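One-letter residues, chain by chain:
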Amino acid sequence: MRIEDLVAEATEQDEASFALAYPDPLLIGAGLVLTDLPDPDGEGTLMLGTDDQDLQVLEQSRAIGGRVFWIRPAAGGRLKVGPAHRATLGRERHNDVVLPDFPVSSVHCWFVRTEEGLDVVDADSTNGTFINGAVCLPKQHRRLASGDTLMFGRFAFIFWEAAQDAVEANAGSKA
């Protein structure tokens, strides 16, 4: 699903019905990271600039840009409150959110719902997890807010706690 599809569907339903149909938080692909990021190990910067862009990476960026990634267990159901319940993100197929790109670790991070909101936890990934350009320390919970930019590997995503927030933000930008 792409954000344009979600916006179109939202216009066909009332807000309450739409919220019931899409209760999960989500990431929207923003595409390729075009700036260097600090190295989580403090050894310089990750080389994610334009010099590394080949045709395959540009194609991946086009495929990810605007794509909706739901943050929920792949087995179905909603992400429940508590540390025992989480949704993983990584390169391998067993993850709940799969980003098949080599700079993304096999299990890169996970999402945990708390009473206060949704947290992301870096799984001690090789290339780090970034929120709004700041590195997340491994195994440390970081609270997410709608509109935050998350970066995994070479790609950026916008986090939304609710699909309606994503629709409103993207419908406004298209008008």
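Everything numeric here is computed off the predicted structure, so don't read it as measured data.

S.K.: An account of the overall build of the chain is needed here, citing residue identities and associated values.
M.R.: Tallying secondary structure elements over the chain gives four helices and 13 strands in all. For the chain, buried positions account for 47% of its 175 residues. Across the chain, contacts joining residues at least 24 apart in sequence account for 53% of those joining residues at least 6 apart.

S.K.: Outline the environment of P23, listing residues and values.
M.R.: Mapped onto the fold, P23 is located in the loop between α2 (15-21) and β1 (26-32). Distance from P23 to A163, taken between C-alpha atoms, is 7.1 Å for residues 140 residues apart in sequence.

S.K.: Describe unusual backbone geometry, and please don't skip the residues or the numbers.
M.R.: Trans is the common state for peptide bonds, and a negative phi is the common state for residues other than glycine. Non-glycine residue N132 carries a positive phi angle of around 50°. Along the polypeptide, N132 turns up in the loop between β9 (129-131) and β10 (134-135). Its identity is not glycine, yet K139 carries a phi of approximately 65°, on the positive side. Looking at the secondary structure, you find K139 in the loop between β10 and β11 (141-143).

S.K.: I'd like a description of the pairing of strand β13 (residues 155-160), backed by residues and values.
M.R.: Of all six residues that make up β13, five are buried, and the element is covered over most of its length. Looking at chain direction, β1 and β13 are connected through six bridges and run antiparallel. Directly across from I28, in β13, lies its bridge partner I158. Linking strand β12 (residues 149-152) to β13, which pair antiparallel, is a turn of two residues; within it G153 sits at a positive phi near 60°.

S.K.: Describe in detail the packing of aromatic side chains, supporting the description with residues and values.
M.R.: Summed over the entire model, instances satisfying the criterion amount to four aromatic pairs. Both rings, one in F152 and one in F157, keep their centres 5.6 Å apart while their planes meet at 45°; by these two values the pair is tilted. Each member of the pair, F152 as well as F157, is classed as buried. Clustering of aromatic rings is evident, with ring pairs tying together F18, Y22 and W70. Between R86 and the ring centre of W110, over which it is positioned, the NZ or CZ distance is 4.1 Å.

S.K.: How would you explain the sheet that holds strand β6 (residues 97-98) if you had to name every residue and give the values?
M.R.: Across the sheet, which stays open at both edges, the five strands sit in the order β6-β5-β7-β8-β11 with mixed pairing between neighbours. Single-partner strands in this sheet number two, and they are β6 and β11.

What counts as what
Residues numbered from 1 in each chain as written. Predicted model: local features only at pLDDT ≥ 70, side-chain atom pairs only at ≥ 80, totals over all residues. Heavy atoms only, no water. Helix = DSSP H or I, 4+ residues; strand = E, 2+ residues; numbered from the N terminus. Buried < 20%, exposed > 50% of the residue type's maximum accessible area, 1.4 Å probe, protein only. Contact = heavy atoms within 4.5 Å. Pairing = 2+ DSSP bridges. Phe/Tyr/Trp six-rings, centres within 6.5 Å; stacked < 30°, edge-to-face > 60°. Lys NZ or Arg CZ within 6 Å of the ring centre and 35° of its normal.

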